[in-house]
Amino acid sequence: MSGISDTERMITLKTVEGTLFDVKSSIAKDLKTVQAFIDDSDDDVTSPIPLPNVFTRELSRILDYLNNHHRFRSGIEKADEEMARYDAEFAKSMSHEELKALILAANYLNVKDLLEFLNQTVADVIQNKSVEFVRNFFGIENDYTPEEEEKLRNENEWAFNGVEQD
Amino acid sequence: MDSLLHNNDNDDNHLDHVLHDFLALSDLPSLSLSLSLSLDRLVHSSASFSEADHLVDRAFTMGSILLEVAKHSYRNRASVHNSLTWPLPPDLSIKVFSLVDTSSLCHAAATCKLFRNWAKDPFCYSHIDLRTPVPKVNDALVATIIHRAGKTLRSLMLGVVPDATTSSGSCQPLSDTRRNCYSCGYKRSQKDSCHLTRCCLNPLNADGGALGALLRKLHLYNIGQMDSSSLVETLSVCPSLLDLEIVGLDVELGCILSSVSANCHLIERLAFAASTTGRNEILNIQTCSHLVAGCPHLTALSLRGIRIHDYKVRILVKGFQKLKYLDFSRSVSITGSFLRNLGNSNGGNFLEFLNLRDCMHLKEMEVAKLLTAIIAGNFKSLVHLDISNREGLGLRTDRQHTCYISSIMPVKEVLDTRPWMRLMVDYPSDRSNRDP
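Q: I keep staring at the overall build of chain A and nothing clicks. Help me out?
A: The helix and strand inventory of chain A stands at 9 helices and 3 strands. The N-to-C order of helical and strand elements in chain A reads β-β-α-α-β-α-α-α-α-α-α-α. Sorting the 166 residues of chain A into buried and exposed places 42% on the buried side. Long-range contacts, defined here as pairs at least 24 residues apart, represent 58% of the contacts in chain A between residues at least 6 apart. Accessible surface computed for chain A: about 9,400 Å², of which carbon and sulfur atoms make up 49%.

What follows is the structure, given as structure tokens:
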């Protein structure tokens, strides 16, 4: 460990399927769960760290995201626009199922920035959409009685008038 | 006692078996016919007429009870399904809910019980967004939602915004006629009261301003009935305010700025877009000095569509040490001379964004001097400059000589020196002589 700077250290992560990922320790810092594991280990972490709740597809996406963001942050001035564009593409490229899986993985690994971004993505889905749309998108079922639903709509009448049904 | 319980167990078992067998009947071919024939046989073999009636009544009763029971069971299962399907834990879900506007929150709550429970958490309401494209929100609703936020209240956005998804930076005040239609609501019945009055911010003032003290952000749009004294009263109980935006309100800017100077010392962003009737107010110089003294942390100042002279603007730009964002678009009397010898240690050197779009009295000469200063290295942080003008620059009194993009404005040279800069120079298409 002595003599090697932090950014050069590589950490190995193992997904559920057994795939190994080599990650720079500077990136690993953003995976707070992993970082906590490293901090808790007295010895050097040489063997792969197992991630029993994370699949290859999700870890790959998360590392993609983190790598790109690190690149943007250390880059030139116009990074903000590029980052926003990358984020938008990133969100669009995923199906609802994939989004769900990614959120679970990001939550488990405690990746703060990505989680915030995913929260906002989910919020964007809910924003300005009809009740039916939100139900369909997230696969949620209506568990209200007709009376309960009517009561809810009446209590918040102002919100339910004039919204486009999509 | 034991035997009683034992009996109940037996009863339950028995009922379960009967129900199970009954439900298994649904596998029968021609179920409807079979059941009908079966019931007929029972009726015919009844001892009396009333017994037969009784039988049929029971069929109705059991039928409707079974229907209700099945629906209830379905709903319970739907609830379980929802809690398994939704990927986010409660704390993250509530966080997501806090990011959507209040209207969307109501829709979310109406999708299922899981969401409704989370939508009751005060944290969802810490950033209240009650902006609507047409008047829909009244004082009572504002009070209810603020009450739901309670101690988590951090920001409040309120009013009529024609396209509610516009970012606040580009929001324009509604034209006068439309606003007046909305504010003359006296013909509407009580039930239809869907307008905000001057009292809509009262919940913030209550209890010595307990809730106002928590507020960091306040944005108000096109609230026809809001007046200066009500707004000032609220500002006086909002010492933590960081971000204030006022668009299309019939209030006196001087009054508001004085209140901000006196009460909101932490403020970082101040945006004001005058209603069309507010154009004639003249800010006095003391107001500007007090604002500078009272709000040292201001980084973004936007005063659109006001009347202000250069020497007062200069006081503001030189005075706010941290100023990065300045927007005086659509303002009158401002010629641009305030920019002379700025952008260096004299003041204004942190400026990143400057918008002077559609300032009617902006002089071509002053803009040219600004551009030259930029080429020389002043305003080194400036990345966005908007000097567009829908009537062109120059002397308005002499239309024929209104210059469009003339040769004294070194636009190209600026872009050569600072290729990353966004320079907006939209002028109307040229009809008279134009220098190449």
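Q: Whenever I open this one, the overall build of chain B confuses me. Can you help?
A: Helix and strand counts for chain B come out as 15 helices and 10 strands. Partitioning the intrachain contacts of chain B with sequence separation of at least 6 by distance along the chain shows that 79% fall at a separation of at least 24. Within the structure as shown, chain B displays about 22,200 Å² of accessible surface, and the carbon and sulfur contribution to it stands at 57%.

Q: What am I meant to see in a nonpolar patch on the surface here?
A: Residues and elements named next belong to chain B. A grouping of L19, F22, L23 and L35 is seen on the molecular surface, where their side chains present a nonpolar patch of about 340 Å² in accessible area. Per-element tally for the nonpolar patch: the top contributor is helix α1 (residues 2-24), with 3 residues. Take F22: it is sitting in helix α1.

Q: Sorry if this is basic, but what is going on with the interface of chain A and chain B here?
A: The figure often quoted for interface size is the accessible area lost as the parts come together. Listed as interface residues are 38 residues of chain A and, on the opposing side, 41 residues of chain B. Summed over both partners, the interface of chain A with chain B comes to about 3,600 Å²; 62% of that surface belongs to carbon and sulfur atoms. In terms of surface lost to chain B, no three residues of chain A exceed D143, Y144 and W158 of chain A, which account for 22% of the buried area on that side. Taken together, the links from chain A to chain B amount to 1 salt bridge. Between K113 of chain B and E148 of chain A there is a salt bridge, and its shortest N-O distance comes to 3.9 Å. Between the two partners, chain A and chain B, sit 11 residue pairs in polar contact (both at pLDDT 80 or more). Counting residues per element, the ones that place at least two in the side of chain A that touches chain B are α5 (96-109), α6 (112-126), α7 (131-138), α8 (146-155) and α9 (157-160) of chain A. The dominant element in the side of chain A that touches chain B, judged by the number of residues it contributes, is α6 of chain A, at 7 residues.

Q: Would you mind going over the packing of aromatic side chains with me for this structure?
A: Aromatic ring pairs are reported here in terms of the distance separating the ring centres and the angle at which the planes meet. Applying the stated rule across the entire model yields 14 aromatic pairs over all chains. An aromatic cluster of three or more residues is present, and its members are F133, F137 and F138 of chain A together with W86, F97, F115 and W118 of chain B. Over the ring of F72 of chain A we find R71 of chain A; its NZ or CZ atom is 5.4 Å from the centre of that ring.

Q: What is the right way to read the confidence of the model for chain A from this model?
A: The predicted coordinates should not be examined in detail at positions where pLDDT is low. Taken over all residues, the pLDDT of chain A has a mean of 83, while the share at 70 or more is 87%. Between the elements of chain A, mean pLDDT differs from a low of 83, seen in helix α4 (residues 79-92) of chain A, to a high of 91, seen in α8 of chain A.

Q: I tried to follow helix α2 (residues 32-40) of chain A on my own but got confused; where do I start?
A: Residues and elements named next belong to chain A. Looking only at α2, the buried set comprises V34, Q35 and I38. Angular distribution of buried residues about the axis of α2 spans 100 degrees; they occupy a single face of the element. In this structure, α2 carries D39 and D40 as exposed residues pointing more than 90 degrees from its buried face.

Q: Can you help me understand unusual backbone geometry in this one?
A: A negative phi angle is the norm for most residues apart from glycine, just as the trans form is the norm for most peptide bonds. Residues and elements named next belong to chain B. You will see that S30, though not glycine, has its phi angle at about 50 degrees, which is positive. Turning to its location among the elements, S30 is positioned in the loop between α1 and α2 (31-44). The phi dihedral of R330 falls on the positive side, at around 60 degrees, and the residue is not glycine. Structurally, R330 is set in the loop between β7 (325-327) and β8 (353-355).

Q: How do you make sense of the pairing of strand β4 (residues 243-247) of chain B when you look at a structure like this?
A: Within a regular strand, side chains alternate between the sheet's two faces. All names here are of chain B. In terms of burial, β4 is a largely internal element, 5 of the 5 residues being buried. Where burial is concerned, the two faces of β4 agree: the one with D243, E245 and V247 and the one with L244 and I246 are both buried. With 5 bridges joining them, strand β3 (residues 217-221) and β4 adopt parallel strand pairing. Residue pairing across strands places L220 opposite I246, the latter belonging to β4. Bridge count between β4 and strand β5 (residues 269-273): 5 bridges; the pairing is parallel.

Q: I keep staring at the sheet that holds strand β3 (residues 49-50) of chain A and nothing clicks. Help me out?
A: Residues and elements named next belong to chain A. Judged by pairing direction, the sheet is mixed, and its 3 strands sit side by side in the order β2-β1-β3 without closing on themselves. Where the open sheet ends on each side, the last strands, each with one partner, are β2 (20-24) and β3. Those strands touched by helix α3 (residues 56-73) are β1 (10-14) and β2, and its axis lies near 20 degrees from that of β2.

Q: What exactly am I supposed to notice about the packing of α6 of chain A against helix α4 (residues 90-97) of chain B here?
A: In helix packing, the relevant descriptors are the interaxial angle and the interaxial distance, both defined with respect to the helix axes. The contact between α6 of chain A and α4 of chain B brings their axes to 8 Å, and the two run at 60 degrees. What the angle tells us is that α6 of chain A and α4 of chain B run oblique. You can see that α6 of chain A and α4 of chain B cross each other, and the crossing is right-handed. Seen from α6 of chain A, the contacting residues are L115, E116, N119, V122, A123 and I126 of chain A; seen from α4 of chain B, they are L92, K95, V96 and F97 of chain B. For the contact of α6 of chain A with α4 of chain B, the residue count by class is 7 nonpolar, 1 polar and 2 charged.

Q: What is the right way to look at a negative patch on the surface in this model?
A: Taken together, the side chains of D9, D11, D12 and D16 of chain B make up a negatively charged region of the molecular surface. Tracing the backbone through its elements, the reader meets D9 of chain B in helix α1.

Q: Help me understand the environment of L204 of chain B, please; the structure alone is not making it clear to me.
A: All names here are of chain B. With respect to the helices and strands, the residue L204 is situated in helix α9 (residues 202-209). It is 32 Å that separates the C-alpha atoms of L204 and V313, two residues lying 109 residues apart in sequence. The residues touching L204, leaving out its near neighbours within four places in the chain, are I146, L153, L156, G209, A210, L211, G212, L215, T234 and V237.

Q: Looking at this model, I keep getting lost on the sheet that holds strand β9 (residues 384-386) of chain B. Mind explaining?
A: The pairing of strands in a sheet comes from backbone hydrogen bonds and takes either a parallel or an antiparallel form. Residues and elements named next belong to chain B. The parallel open sheet is built from 10 strands, whose spatial order is β1-β2-β3-β4-β5-β6-β7-β8-β9-β10. Strand pairing shows two members of the sheet lacking a second neighbour, β1 (127-132) and β10 (422-424), which therefore form its edges. Taking the axes of each pair of neighbouring strands and ignoring which way they run, one obtains an average angle of 5 degrees across the sheet. Inspection of the sheet shows β5 paired to strand β6 (residues 300-304) by 5 bridges, in the parallel sense. If you follow A271 over to β6, its bridge partner there is S302.

How each quantity is defined
- Residues numbered from 1 in each chain as written.
- Chains lettered and ligands numbered in written order.
- Predicted model: local features only at pLDDT ≥ 70, side-chain atom pairs only at ≥ 80, totals over all residues.
- Heavy atoms only, no water.
- Helix = DSSP H or I, 4+ residues; strand = E, 2+ residues; numbered from the N terminus.
- Buried < 20%, exposed > 50% of the residue type's maximum accessible area, 1.4 Å probe, protein only.
- Contact = heavy atoms within 4.5 Å.
- Areas by Shrake-Rupley, 256 points an atom, 1.4 Å probe, with all protein chains shown as cover.
- Patch = residues over 30% accessible without salt bridge, like charges linked within 9 Å, V, L, I, M, F, W, Y side chains within 5 Å.
- Salt bridge = Lys/Arg side-chain N within 4 Å of Asp/Glu carboxyl O.
- Buried area = accessible area lost by both parts, 1.4 Å probe.
- Polar contact = N/O pair within 3.5 Å; in protein donor to acceptor, adjacent residues only side chain to side chain.
- Phe/Tyr/Trp six-rings, centres within 6.5 Å; stacked < 30°, edge-to-face > 60°.
- Lys NZ or Arg CZ within 6 Å of the ring centre and 35° of its normal.
- pLDDT = per-residue confidence, 0-100.
- Arc of directions from axis to C-beta.
- Pairing = 2+ DSSP bridges.
- Axes fitted to C-alpha atoms, helices over the stretch in contact; angles between N-to-C directions.
- Parallel < 35°, antiparallel > 145°, perpendicular 65-115°, else oblique.
- Left-handed = near helix turned anticlockwise from the far one by under 90°.
- Nonpolar A, V, L, I, M, F, W, Y, C, P; charged D, E, K, R; others polar.
- Lys, Arg positive; Asp, Glu negative; His and termini not counted.
- Charge placed at Lys NZ, Arg CZ, Asp CG, Glu CD.

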